[in-house]
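# Breakdown of the fold
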Amino acid sequence: MQENLKPSVYFYILAVFFLFYLYREGYFENIISISKEVLSKNIKLGFFLALGIIVLITGFDHSTAVLMKNNPSTFADQITKIANILGKGDLFIYPFVSICFFIALLLKKEYYIKVFAVCASSTVFAGILIQFIKIAFARARPRISDSPLSFFNYNQIFNMENTLESDFLSFASGDTITITALFVPLIYFIKNKFLRVVFIVPIVIVCFGRLYSTSHWLSDVSAGLILGVTIGVVFSKNKDIP
């Protein structure tokens, strides 16, 4: 089913021009300096969040995975199917933000052009960063390992065809970081309270889906959520939108 939903090659060609536009308009400028500013102002919070991830790994990851494996639910299965679409860059995230951007462009809505450009740059950055993080930690997913301490499996992250083996790229959750990096700028810029709640819903669905399908440990999803929020805030602060 998902194979039929994948965008054509024309979408990817369009995406290249879109990325060039984002770069030319400065949506990736000052990211390092703003990141330093945000992190320096939240050192204590960052420390406690990192400590929280360690606590999840050592105390809650295994029990959460067992709970998900041993409690099948038809309703949860349906939610997970939705989550598997919402969290994928090629199925929902990049098509969604691209379509919204071009609609705003056609309607000449300058404010929303900039907002969705921020969303796009935030998700692209998150999507690239998470690949380096996954390879660095090389953690086994709960569906193939009973140990939440199964990190640094460098000898197994490449398969027979020398392509990345996703079973050992669990930390952190890529679906979670990208869906969060997409919607955080919308929550940041759009002040309508009802819409803000609506924007939170896909994030919650994806987080649940990654846990229920045992694609990720609880700490993977939590780390993806924290990183996604951080990236979304940094990119939102990077572009002054009146």
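Residues numbered from 1 in each chain as written. Predicted model: local features only at pLDDT ≥ 70, side-chain atom pairs only at ≥ 80, totals over all residues. Heavy atoms only, no water.

## Section: the overall build of the chain
When helices and strands are counted, the chain shows 11 helices and 0 strands. When the helices and strands of the chain are read in sequence order from the N terminus, they spell out α-α-α-α-α-α-α-α-α-α-α. Whereas a compact globule of 242 residues would reach a radius of gyration of roughly 18 Å, the chain reaches 18 Å, a difference of no more than 12%. Counting only C-alpha atoms and orienting by the principal axes, one finds that the chain spans roughly 50 × 45 × 40 Å. Taking the intrachain contacts of the chain between residues at least 6 apart in sequence as the baseline, contacts between residues at least 24 apart amount to 78%. For the chain, the computed accessible surface area is about 13300 Å², with 69% contributed by carbon and sulfur atoms. (Helix = DSSP H or I, 4+ residues; strand = E, 2+ residues; numbered from the N terminus. Rg over C-alpha atoms; globule rule 2.2 N^0.38 Å. Contact = heavy atoms within 4.5 Å. Areas by Shrake-Rupley, 256 points an atom, 1.4 Å probe, with all protein chains shown as cover.)

## Some details on helix H5 (residues 61-69)
All buried positions along H5 are accounted for by Asp61, Thr64, Ala65 and Met68. Angularly, the buried residues of H5 cover 100 degrees about the axis, an arc narrow enough to put them on a single face. Next to the buried residues of H5 lie helix H4 (43-59), helix H10 (193-212) and helix H11 (218-238). (Buried < 20%, exposed > 50% of the residue type's maximum accessible area, 1.4 Å probe, protein only. Arc of directions from axis to C-beta.)

## Brief notes about the packing of aromatic side chains
Under the criterion given, the structure shown has 19 aromatic pairs. Look at phenylalanine 18 and phenylalanine 101: their rings are 4.5 Å apart centre to centre, the planes differ by 35 degrees, and that puts the pair in the tilted class. Placement of phenylalanine 18 in helix H2 (residues 9-24) and of phenylalanine 101 in helix H7 (residues 89-107) is noted, with a sequence separation of 83 residues between them. The buried category is assigned to phenylalanine 101, whose relative accessible area is 2%. For the ring pair phenylalanine 137 and phenylalanine 151, a centre distance of 6.2 Å and an interplane angle of 65 degrees mean the geometry is edge-to-face. Placement of the pair is phenylalanine 137 in helix H8 (residues 110-137) and phenylalanine 151 in the loop between H8 and helix H9 (174-189), with a sequence separation of 14 residues. Look at phenylalanine 137 and you get partly exposed, because its relative accessible area is 30%. Accessibility expressed as a relative area gives 17% for phenylalanine 151, which makes it buried. (Phe/Tyr/Trp six-rings, centres within 6.5 Å; stacked < 30°, edge-to-face > 60°.)

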